[in-house]
Amino acid sequence: MRKSIIAVVGATAAIAVVGGSVAYASKSKTVSLSIDGQVQKVHTFGSTVADALKAKDIQVGDRDLVAPALDAKLQDGQEIAVQYGRQLTVNQDGTKKNFWTTADSVNEALTDLGLRYDGAFLSTSRSAPIGREGLSLEVRTPKTVQFVRQGKVVSVKSMAMTVGEALTGAKVGYDKDDRITPAVATALKPGVNRITVVKVDVKKVTKTESIAFDKVETKSATLTEGEKKTTKPGKAGSMTVDYLLTYVDGKLVTTKKLASKTVSEAVDELVTVGTKPKVEEETSEDEPPASGNAGAWDRIAECESGGNWQANTGNGYYGGLQFSHGTWVAFGGDKYATNAHQASKAQQIAIAEKVRAARGSYGDWPVCGKRA
């Protein structure tokens, strides 16, 4: 009796074991799970894709891609793909934008996002992977930069992001004094950018300059009025002067005096000025004071009349310088005599000087005047 109970229990147990195995086998599923392209086998009793992911403690968010969907019924042998979302930060020519992508390489991400960047410089290779932590990508697009210097325009192609980088890339030297428009920190725009460069040079120079001396006059009654006598000559001093010179495109535009230092003092000139009244000398109307270059008139007279100041040959010209009567009278000679040969040498020279002054040089004596 006992043996039969044991047998029955054993049989019942055996039936239970076989039935449990069948039930286990019917609920257990094996699926292929691809996580960012890494494939693994997963055994699960779950009925949905979400159950399979939970079995491996895999969490997904709104930016992650799961195929089939999380609520899809799970089938044995099914393939499940999970692509995690990654943040791609693109800094294009100084402008930053954030993108989310499930692509795991730069090239795939740019293609998925519709970002071409043909001919652009990328800070990393297009085939570079994008990890779960994301990636920052710097993009420099080709631009046309026009450099304007002294009215001349030179165009170059540049990948620079700022005005300063464009200047450096084109080997255009500049310093803090130069006028760069727009400023060196300004970001370049896609397309054509115009940069004006005005070269400014500031130089400090030291020059040696003279210091003018003053004239100090002392009155003296021992000297006649109008008479001056230098008792001590003046002497110029010297000083060094510092200047700040500003050149714009090679042309000097401003000169600023900074400081000066006296090297030697100027010495005043001492002058004695006469105050004694002049004694007026009476001048005879008949005998004018000596004037002009007597030597020159002697040579002309030698040529005109053989040096005979009383010459009267009857040819209508009189005296040493052979005046015509009309010329003699026109210039006031008749206050001395009717004709020149009747006047003194000094009187003839006085009238000749008037003629020369009025008509210019010795033109009235075209031949003999050359001997003056």
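The rules we used
Residues numbered from 1 in each chain as written. Predicted model: local features only at pLDDT ≥ 70, side-chain atom pairs only at ≥ 80, totals over all residues. Heavy atoms only, no water. Salt bridge = Lys/Arg side-chain N within 4 Å of Asp/Glu carboxyl O. Helix = DSSP H or I, 4+ residues; strand = E, 2+ residues; numbered from the N terminus. Buried < 20%, exposed > 50% of the residue type's maximum accessible area, 1.4 Å probe, protein only. pLDDT = per-residue confidence, 0-100. Contact = heavy atoms within 4.5 Å. Lys, Arg positive; Asp, Glu negative; His and termini not counted. Polar contact = N/O pair within 3.5 Å; in protein donor to acceptor, adjacent residues only side chain to side chain. Pairing = 2+ DSSP bridges. Axes fitted to C-alpha atoms, helices over the stretch in contact; angles between N-to-C directions.

Considerations on the pattern of salt bridges
Line of reasoning, step 1. Considering all chains together, one arrives at 12 salt bridges under this definition.
Line of reasoning, step 2. Taking the shortest distance from any N to any O, the salt bridge between R140 and E165 comes out at 3.1 Å. Linking R140 in strand 8 (residues 135-140) with E165 in helix 4 (residues 163-169), this pair joins segments that are 25 residues apart in sequence.
Line of reasoning, step 3. As a salt-bridge pair, R359 and D364 come within 2.4 Å of each other at their nearest N and O atoms.
Line of reasoning, step 4. Taking relative accessible area as the criterion, D364 reaches 33% and is therefore assigned partly exposed.

A word on the confidence of the model for the chain
Line of reasoning, step 1. When the pLDDT values of the chain are averaged, the result is 86; 89% of them are 70 or greater.
Line of reasoning, step 2. In the model, residues 1-25 has pLDDT below 50 throughout and makes 1 contact with residues more than four positions away in sequence or in other chains.
Line of reasoning, step 3. Note on residues 280-285: pLDDT under 50 across the span, and 2 contacts to partners over four residues away in sequence or across chains.

Describing the side chain of K29
Line of reasoning, step 1. Turning to its location among the elements, K29 is positioned in strand 1 (residues 29-35).
Line of reasoning, step 2. Comment: no salt bridge for buried K29; closest opposite-charge side chain is D76, at 7.6 Å.
Line of reasoning, step 3. A polar contact of 3.4 Å, which involves the side chain of K29, links it to the backbone oxygen of G46.

Here's the deal with the sheet that holds strand 17 (residues 251-264)
Line of reasoning, step 1. Strand order across the open sheet formed by 3 strands is 13-16-17, with antiparallel pairing between neighbours. Strands with a single pairing partner mark the edges of an open sheet, and in this sheet they are strand 13 (200-211) and strand 17. Across the sheet, the mean angle separating the axes of adjacent strands is 20° when strand polarity is ignored.
Line of reasoning, step 2. Of the strand pairs in this sheet, strand 16 (residues 237-248) and strand 17 are connected by 11 bridges, and their pairing is antiparallel. Residue T246 lies in a different strand from strand 17, and its bridge partner there is T254.

A look at the sheet that holds strand 10 (residues 152-158)
Line of reasoning, step 1. Spatial ordering of the open sheet is given by 10-9-12-11, a layout of 4 strands whose pairing is mixed. Edge positions in the sheet fall to strand 10 and strand 11 (179-181), since each of these pairs with one other strand and no more. Recorded for the sheet is a direction-independent mean angle of 20° between the axes of neighbouring strands.
Line of reasoning, step 2. Of the pairings in the sheet, the one linking strand 9 (residues 143-149) to strand 10 comprises 7 bridges and is antiparallel in character. Looking at the pairing, Q146 lines up with S155 of strand 10.

Quick word on the side chain of T44
Line of reasoning, step 1. Of note, T44 is situated in strand 2 (residues 38-44).
Line of reasoning, step 2. Its relative accessible area of 5% is what places T44 among the buried residues.
Line of reasoning, step 3. Side-chain polar atoms of T44 contact the backbone nitrogen of G46, separated by 2.9 Å.
Line of reasoning, step 4. Apart from the residues lying within four places of it in its own chain, the contact partners of T44 are K27, S28, K29, D51, A52, A55 and L74.

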